[in-house]
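# Observations on the model geometry
Listed here are the chains, written in short residue letters.
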Amino acid sequence: MAGIVHRYHRRRHPARQVYAERAKPLEQYTSDELYARFRFGRDDITYISDLIRPTLQHKTRRSHALSVEEQCLIALRFYACGTFYQVIGDYMGVDKSTVSNVVKVVSMALGSLINQFVSFPKDDQIAQTKHKFFHMGNMPNTIGVIDCTHVHIQAPREREWEYVNRKGRHSINVQLVGNADLLITNCVVKWPGSVHDARILRQSALYRELQTNRPNGIILGDSAYPLLPWLMTPFPVANTPEQARFNIAHCKTRCAIERLNGVLKRRFACLNYLRVEPKVACNIILACIVLHNIATRRHIPCDASDAHDGPEPDVDPEQPRMVLPSEGHTGHAIREGMVRNYF
């Protein structure tokens, strides 16, 4: 008679999940250490957390859910250094997928505040804006400077060729308008790297608004842009001393947008290369733009060199009164009028 085989089934218990100990930067670091690692101090991080709290506040009662402050710190750490999600996760005590999800939701939350923190100068701000620009480079009537900057991304899975810029790299071409304080006053964040700067402008809401409602002032752009009644570009060749002086003043004033682009990418190193798909990249860029304006308004220096840009001159130059041309004038006529009257 065959033997009876007895099988013993051991009851299985689910493995207990072990959580890594999370970092507590707000408790661990001094203000200077927080600035170095997150680009913001303790009070600034609290302010940013409160801004996004209505969107990110967890309704779950799970004991290990991330707080709004923890989510904010994870995202700020990524924006500041732009390294791999795994490295951020190891630093903050969370896994890579958590970092990915947090960066996405925090970026969307910050990006939704774009209209609150990015706005073109209003009527009561125009005079001060013109004065600051004139103080910078002796260019009268200036209310903004415009340029595009490329944020490099990994090759997208779809329509990859559209994102290849003229340097052969994949990127998002970002249009920025800034003021003399390096605040971003308008932005367009959606176009692939292959799209020309002038096309981005012509397709923008800013272009439609300023073409319809002529501003009380001019914006300065480089030679990539069209010469318009409200958009001044330099003379391709300066044929007279007056035109040369116009070009010098234009260059000295327009350098504000070059400096703004440099400060933005130095403050948020993630903008030097994003290993994400274009839609996520655009949300991250918008978040960094909002954070840049928050940092600028709260007088947070990008680094030690920004805190010492040199002494202010003793006497402010007096800005000449700008005679506004009639609506029928073309950009060429307005530029010639500026040269004739002020240079």
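Anyway, here's the lowdown on the structure attached to this text. (Residues numbered from 1 in each chain as written. Predicted model: local features only at pLDDT ≥ 70, side-chain atom pairs only at ≥ 80, totals over all residues. Heavy atoms only, no water.)

## A short note on the nonpolar core
Core analysis: the biggest nonpolar cluster contains 82 residues, and Phe40, Tyr79, Leu274 and Ile284 have the highest contact counts within it. Per-element accounting of this core gives the leading share, 13 residues, to helix α12 (residues 278-297). Discounting chain neighbours no more than four positions away, the residues touching isoleucine 284 are Phe78, Tyr79, Val103, Ser107, Cys270, Leu274 and Val276. (Core = buried A, V, L, I, M, F, W, Y, C linked by side-chain atoms within 4.5 Å. Buried < 20%, exposed > 50% of the residue type's maximum accessible area, 1.4 Å probe, protein only. Helix = DSSP H or I, 4+ residues; strand = E, 2+ residues; numbered from the N terminus. Contact = heavy atoms within 4.5 Å.)

## Thoughts on the pairing of strand β3 (residues 184-192)
Among the 9 residues in β3, 8 count as buried, and that is most of the element. Here strand β2 (residues 171-178) runs beside β3; their pairing, made up of 7 bridges, is antiparallel. Note that in β3 the partner of glutamine 175 across the bridge is valine 188. The turn linking β2 back onto β3 is made up of 5 residues, and leucine 182 within it adopts a positive phi angle of 70°. (Pairing = 2+ DSSP bridges.)

## Observations concerning the packing of helix α6 (residues 96-111) against α12
At a minimum axis distance of 8 Å, the contact between α6 and α12 shows a crossing angle of 55°. Classified by the angle between their axes, α6 and α12 sit oblique to one another. As α6 packs across α12, the resulting crossing turns out to be left-handed. Touching Val103, Lys104, Ser107, Met108, Leu110 and Gly111 of α6 are Val280, Asn283, Ile284, Leu286, Ala287, Val290 and Leu291, all from α12. Counted by class, the contact of α6 with α12 contains 9 nonpolar, 3 polar and 1 charged residues. (Axes fitted to C-alpha atoms, helices over the stretch in contact; angles between N-to-C directions. Parallel < 35°, antiparallel > 145°, perpendicular 65-115°, else oblique. Left-handed = near helix turned anticlockwise from the far one by under 90°. Nonpolar A, V, L, I, M, F, W, Y, C, P; charged D, E, K, R; others polar.)

## Description of helix α11 (residues 241-267)
The α-helix advances 3.6 residues per turn, and as a result positions three or four apart in sequence lie on the same side. With 27 residues, α11 ought to run about 39 Å at 1.5 Å a step, and its terminal C-alpha atoms sit 39 Å apart, in line with that. At arginine 254, α11 is bent by approximately 25°, the largest bend along its length. (Expected span 1.5 Å × (residues − 1). Bend = angle between axes of the 7 residues up to and from the residue.)

## A short note on the side chain of histidine 170
When you line up the elements, histidine 170 lands in the loop between β1 (142-152) and β2. Contact partners of histidine 170, with chain neighbours within four places excluded, come to Val151, His152, Ile153, Gln154, Ala155, Pro156, Glu160, Tyr163 and Val164.

## Considering the pattern of salt bridges
The tally for this structure, following the rule as stated, stands at 9 salt bridges. Across the salt bridge formed by aspartate 50 and arginine 53, the nearest N and O atoms sit 2.9 Å from each other. In this pair, aspartate 50 and arginine 53 are both assigned in helix α3 (residues 42-56), 3 residues apart and thus about one turn of the helix distant. Of the residues examined, aspartate 50 reaches a relative accessible area of 43% and is grouped as partly exposed. Note that glutamate 69 and arginine 53 form a salt bridge whose closest N and O atoms lie 2.5 Å from each other. Of this pair, glutamate 69 sits in helix α4 (residues 68-81) while arginine 53 sits in helix α3, and the two are 16 residues apart along the sequence. Judged by relative accessible area, which is 24%, glutamate 69 ranks as partly exposed. Residue classification places arginine 53 among the partly exposed positions, given a relative accessible area of 22%. Through salt bridges with shared partners, one network takes in Asp50, Arg53 and Glu69. (Salt bridge = Lys/Arg side-chain N within 4 Å of Asp/Glu carboxyl O.)

## A closer look at the side chain of asparagine 173
Looking at the element boundaries, asparagine 173 is found in strand β2. For asparagine 173, a relative accessible area of 0% puts it in the buried group. Polar side-chain contacts of asparagine 173 include one of 2.9 Å to the backbone oxygen of valine 195. Discounting chain neighbours no more than four positions away, the residues touching asparagine 173 are Cys148, Thr149, His150, Val188, Trp191, Pro192, Gly193, Val195, His196, Asp197 and Ile200. (Polar contact = N/O pair within 3.5 Å; in protein donor to acceptor, adjacent residues only side chain to side chain.)

## Comments concerning unusual backbone geometry
Phi is positive for asparagine 141, which is not a glycine, with a value near 70°. The topology assignment puts asparagine 141 in the loop between α8 (123-137) and β1. Even without a glycine there, the phi angle at arginine 159 is positive, about 50°. For arginine 159, the position within the fold is in the loop between β1 and β2.

## Some details on the packing of α11 against helix α13 (residues 331-342)
Packing of α11 against α13 leaves a shortest axis separation of 9 Å and a crossing angle of 105°. With respect to α13, the axis of α11 lies roughly perpendicular. Between α11, through Glu242, Gln243 and Phe246, and α13, the contact on the second element is made entirely by Arg335, Glu336, Met338 and Val339. Class assignment for the residues of the contact of α11 with α13 results in 3 nonpolar, 1 polar and 3 charged.

## Digging into the packing of aromatic side chains
Tallied over the entire structure, the rule returns 5 aromatic pairs. Note on phenylalanine 78 and tyrosine 85: the rings are 5.3 Å apart at their centroids and 55° apart in plane angle, and the pair reads as tilted. Side by side, phenylalanine 78 and tyrosine 85 carry an identical accessibility label, which is buried. Site record: aromatic cluster; members linked through ring pairs are Phe78, Tyr79 and Tyr85. (Phe/Tyr/Trp six-rings, centres within 6.5 Å; stacked < 30°, edge-to-face > 60°.)

These figures come from the coordinates and say nothing about function on their own.
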